[in-house]
Amino acid sequence: DAGVTQSPTHLIKTRGQQVTLRCSPKSGHDTVSWYQQALGQGPQFIFQYYEEEERQRGNFPDRFSGHQFPNYSSELNVNALLLGDSALYLCASSFIWGRSGELFFGEGSRLTVL
Amino acid sequence: DAKTTQPTSMDCAEGRAANLPCNHSTISGNEYVYWYRQIHSQGPQYIIHGLKNNETNEMASLIITEDRKSSTLILPHATLRDTAVYYCIVTLSGNTPLVFGKGTRLSVIA
């Protein structure tokens with residue numbers, strides 16, 4: 001049973017460019033959340049998708065957008081990249097009616113903005 | 001902001017119990033205590049969670065004080081592979097966004 005998979009694992013972009021990160025949730029999960037983790041900090045919540053809609057959003061600008069597909073996979077898009085967007089981007093999946101409520105995280109996509 | 005306070009770092013000898021404390025004095029009655037850990041270069045991993053009662057699973061034990069203002073995560077026999085950053089999180093449920101602090105960096109020493 002594959003866990004949460006993310007792609008790409010590493011990428012380098014320049015300021016002003018756009019990036020798309022992808023996530024496939026754990027089998028049986030229907031909810032995907034995205035987190036940003038700067039170096040030396042804990043992950044920060046970006047947004048959560050369920051039934052192809054953004055359900056909750058953290059304190060991130062509109063440059064950060066997302067999408068969830070009918071197969072529950074998800075994309076995170078970041079426009080007009082800034083140096084400060086350099087971070088590890090983590091995807092986490094869960095089942096909306098799960099009993100334990102734990103999140104399963106992927107290994108992350110490490111974005112470097114030059 | 002995170003609702004929890006954890007020590008920045010701790011050391012533990014291999015084979016000994018690792019006791020990681022967490023203060024959450026403003027916890028409300030319907031909020032759970034969750035513990036996650038993050039091994040270097042990996043995503044966070046769920047360990048355990050509880051509401052009022054002490055909990056135990058194959059990974060760890062969670063001891064919550066009677067007033068629920070603090071808790072302790074116990075790894076009964078720490079190994080080198082337990083070296084990681086441990087996050088204590090207070091939240092309504094797993095589907096509520098998790099608010100991570102900086103966690104405790106646990107170093108297990110041979």
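Fair warning: this is a prediction, and the values are worked out from it, not measured in the lab.

Engineer: I'm lost on the state of the cysteines in this one. Help?
Structural biologist: Each disulfide is one covalent bond, formed between the sulfur atoms of two cysteines. One pass over the structure, following the stated rule, counts 2 disulfides over all chains. For A:Cys23, the disulfide goes to A:Cys91, at an S-S distance of 1.8 Å. Because the torsion about its S-S bond is -60°, the bridge between A:Cys23 and A:Cys91 counts as left-handed. Remark: A:Cys91 occurs in strand β9 (residues 87–94) and A:Cys23 occurs in strand β3 (residues 19–24); sequence separation between them is 68 residues. Taking relative accessible area as the criterion, A:Cys23 reaches 2% and is therefore assigned buried. Given a relative accessible area of 0%, A:Cys91 falls into the buried group. Note that B:Cys22 is cross-linked by a disulfide to B:Cys88, the S-S spacing being 2.1 Å. Since a negative S-S torsion denotes a left-handed disulfide, the B:Cys22-B:Cys88 link at about -85° is left-handed. Taken together, the residues B:Cys22 in strand β2 (residues 18–23) and B:Cys88 in strand β8 (residues 84–91) connect sequence positions 66 residues apart.

Engineer: Even after reading the chapter, I still don't get the interface of chain A and chain B, so can you show me in this structure?
Structural biologist: Where the parts come together, the accessible area they lose is often given as the size of the interface. Each partner contributes to the interface: chain A provides 21 residues, whereas chain B provides 18 residues. Here chain A packs against chain B, burying approximately 1500 Å² in sum over the two surfaces, 50% of which is carbon and sulfur. Linking chain A to chain B there are 0 salt bridges. At the junction of chain A with chain B, the criterion picks out 4 residue pairs in polar contact (both at pLDDT 80 or more). Looking at the side of chain A that touches chain B, the elements that each hand over two or more residues are β4 (31–37), β5 (44–50) and β9 of chain A. A total of 3 residues in the side of chain A that touches chain B trace back to one element, the largest contributor, which is β9(A). For the side of chain A that touches chain B, the residue count by class is 9 nonpolar, 10 polar and 2 charged.

Cut-offs applied
Residues numbered from 1 in each chain as written. Chains lettered and ligands numbered in written order. Predicted model: local features only at pLDDT ≥ 70, side-chain atom pairs only at ≥ 80, totals over all residues. Heavy atoms only, no water. Disulfide = S-S within 2.5 Å. Helix = DSSP H or I, 4+ residues; strand = E, 2+ residues; numbered from the N terminus. Buried < 20%, exposed > 50% of the residue type's maximum accessible area, 1.4 Å probe, protein only. Contact = heavy atoms within 4.5 Å. Buried area = accessible area lost by both parts, 1.4 Å probe. Salt bridge = Lys/Arg side-chain N within 4 Å of Asp/Glu carboxyl O. Polar contact = N/O pair within 3.5 Å; in protein donor to acceptor, adjacent residues only side chain to side chain. Nonpolar A, V, L, I, M, F, W, Y, C, P; charged D, E, K, R; others polar.

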